[in-house]
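If you want the building blocks of each chain, they are given just below.
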Amino acid sequence: MAKYMEMIRIRFLMMLAYRTNYYSGILIYSINIGAYYFLWSAIYGDKSSIQDLSIVQMTTYIAVSWMARAFYFNNIDREIALEIKEGKVAIEMIRPYNYLGMKMMQGLGEGIFRILFFSVPGMVIVYFIFPIQFTTHPATWGYFLISILLSFIINTQINLLTGIATFFLFNNDGLIRAKRVVIDLFSGLILPISFFPVWAQSVMDYLPFKGISYIPSMIFTEGFKGNEILHGLMNQTLWALVLFIPIQLLWTTAKRQLIVQGG
Amino acid sequence: MSYLSIFFQYAGQYLKTRLTYRADMLVEIFSDLLFQAVNLIFILVVFGHTSLLSGWSKDEMVFIYGFFLVPFAIFGAFFNIWDFTDRYIVKGEMDRILTRPIHSLFQIILERMELESLFGVITGLGIMFYSGNKLGLSLHWYDPFVFVVLVAGGALVYAGIFVALASIGFWSDSKTDIMPMMYNIGNYGRYPVNIYNRIIRYVLTWILPFAFVGVYPSAYFLGRDEWYGYAFLTPVIGLIFFGLSVVLWNYGVTKYRGAGN
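Please read all numbers here as calculations on a predicted model, not as lab measurements.

Right, let's talk about the overall build of chain B for a bit. Each helix and strand in chain B was counted, giving twelve helices and zero strands. The globule rule puts the C-alpha radius of gyration for 261 residues at 18 Å, and the 19 Å found for chain B is close to it. Expressed along its principal axes, the backbone C-alpha trace of chain B runs to roughly 60 × 45 × 35 Å. Looking at chain B as a whole, 37% of its 261 residues qualify as buried. The long-range share in chain B, meaning contacts at least 24 apart out of those at least 6 apart in sequence, stands at 80%.

Below, the structure written as structure tokens:
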């Protein structure tokens, strides 16, 4: 356990050393939030609410879903792909730790860094520009924290799956890009799931993606009430557990047919 | 050798390298299509909840998006200079470029082209024909020519902005995130500018004229005559911005001092 904690710490410090790179990131996210804010304002026009979300809730939803993205988003799929291409993965495999576990911890170190130095100041800045409302219920904040932790786990598991796919595809930049686009849409980042037609919503109930962005953001904006919060958290927990199975299966197969191209 | 034949030689080589990883190339084209589909789905889903967006109907919005895809695809295929500073200045690759007998910017365009992006032209045209049909738009004999001119103008706007930003690398090779930032600002051009407030509209028209890539030129085909003035300005703005950026580039090259070894 200690070695995994150390990995989180090292990644955190590494990010800290290059922290100036992240100030521009806040600006980029603010630009995106701005684009969607104007778009949604035009969509709402003079309607007071759509699908039970008011315009203020909608703006908050956009802001929090982008800022939470800074926490769960990481590039470990790309890192794994690179290590496989360069043959470094062979060295990693003989080291005394679980390779995938280690990758997850590195992602967590990055996430903790970004939530402190990116999401929190970013949220404050966005708060002054756009009409956003923070909830005052401490319980909601608690649920939200649990929820984004679970969204980190689900997103990282999907990244691991994409990364491991390199073992079979050798070059999977395309797959990584496709995965990112799919997640942006189906996770509810650019559009709350409740806005989709009913048939599409029922399809998405069977996919893990809405646990990445939609559930935590709805909890934060208090678009979920009462039981819905618990249902959301249970859905996330279930997926976080289920996704371990394909990862383990793929990983075992991959190790058996590993071809080191370089090294 | 003329520039044109050099271009085709490079394009041929490029295709050979890409066809080595065929599966990956297919997935990449597929992921481009997916990306375009996501933006389309966004528009379609949104219009499930409203019928007009600041005076624009669903089919008009879809048409604007389709038009936007065409110049953007051309830009994406030939102007991959978002990592110019890292790739050419910091690593000293620019030294090699300068020894080549053709213009340095053209050489970089050749080396960095990504022809599979041109698929976006087909998707864009498809979307425009589909939504244009639903809107009952009719084509005049001169419309295809106007289209080519407006698309070229839009692509030049994009190219101009990004070439100008890349030129900054000649003066300062420090790492900035201004390129990805600009890609995100570019997204504003996909939607009608009258949904934004006055300042943003002004910026998108005169300072970072991304509106000339989507909504202004589309207004011509949609028959929105209140925007015609802007529509016909598209090639002018494109030429001005691209011309200025090339001047800046040429001046920057004289300031270049090798960084690598």
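On we go.
Looking only at helices and strands, chain A has 13 helices and two strands in total. For 263 residues, the compact-globule formula gives about 18 Å, and the C-alpha radius of gyration of chain A, at 19 Å, lands near that figure. Overall size of chain A, expressed as C-alpha extent along the three principal axes, is 60 × 45 × 35 Å. Here chain A holds 263 residues, and the buried ones make up 43% of them. In chain A, once contacts between residues fewer than 6 apart in sequence are set aside, the share between residues at least 24 apart is 82%.

Residues and elements named next belong to chain B. Following the UniProt record, the feature "transmembrane region" (unreviewed entry) maps to residues 25-50, 62-82, 115-133, 145-171, 199-221 and 227-251 here. Taken as a whole, residues 62-82 contains 81% helix and 0% strand, while its terminal C-alpha atoms sit 28 Å from one another. A distance of 36 Å separates the end C-alpha atoms of residues 227-251, which is 96% helix and 0% strand.

Right, let's get into the environment of Trp56(B). Residue and element names in this part refer to chain B. For Trp56, the position within the fold is in the loop between α2 (22-46) and α3 (58-78). Along the chain, Trp56 and Ile195 lie 139 residues apart, while their C-alpha atoms are 10.0 Å from each other. Contact partners of Trp56, with chain neighbours within four places excluded, come to Met61 and Pro192.

For the rest of this paragraph, the subject is the interface of chain A and chain B. Every contact between the two is made by 31 residues of chain A and, on the other side, 31 residues of chain B. At the level of secondary structure, the elements contributing two or more residues to the side of chain A that touches chain B comprise α2 (21-44) and α9 (173-186) of chain A. For the side of chain A that touches chain B, the element with the highest residue contribution is α2(A), accounting for twelve residues. The residue makeup of the side of chain A that touches chain B, split by class, is 20 nonpolar, eight polar and three charged.

What counts and what doesn't
- Note that residues are indexed from 1 along each chain, following the sequence as it is written.
- Note on labels: chains are lettered from A, ligands numbered from 1, in written order.
- Per-residue local features are limited, in this predicted model, to residues with pLDDT of at least 70; the limit for side-chain atom pairs, both in listing and counting, is 80 or more; totals at the level of whole chains, interfaces and linings are taken over all residues.
- The helix count covers DSSP runs of H or I at least four residues long, the strand count covers runs of E at least two residues long, and both are numbered beginning at the N terminus.
- Our radius of gyration is a C-alpha quantity, and the globule rule it is checked against amounts to 2.2 Å times the number of residues to the power 0.38.
- Partly exposed residues are those whose C-beta has more than 12 but fewer than 20 other C-beta atoms within 10 Å; with 20 or more the residue is buried, with 12 or fewer it is exposed, and the C-beta atoms are placed from the backbone.
- Any residue pair is listed as a contact if its two C-beta atoms, each placed from the backbone, are within 7 Å.
- UniProt positions are given in the numbering used here, feature names are shortened, and annotations may be inferred rather than shown by experiment.
- Nonpolar residues are Ala, Val, Leu, Ile, Met, Phe, Trp, Tyr, Cys and Pro. Charged residues are Asp, Glu, Lys and Arg, and all others, Gly as well, are polar.

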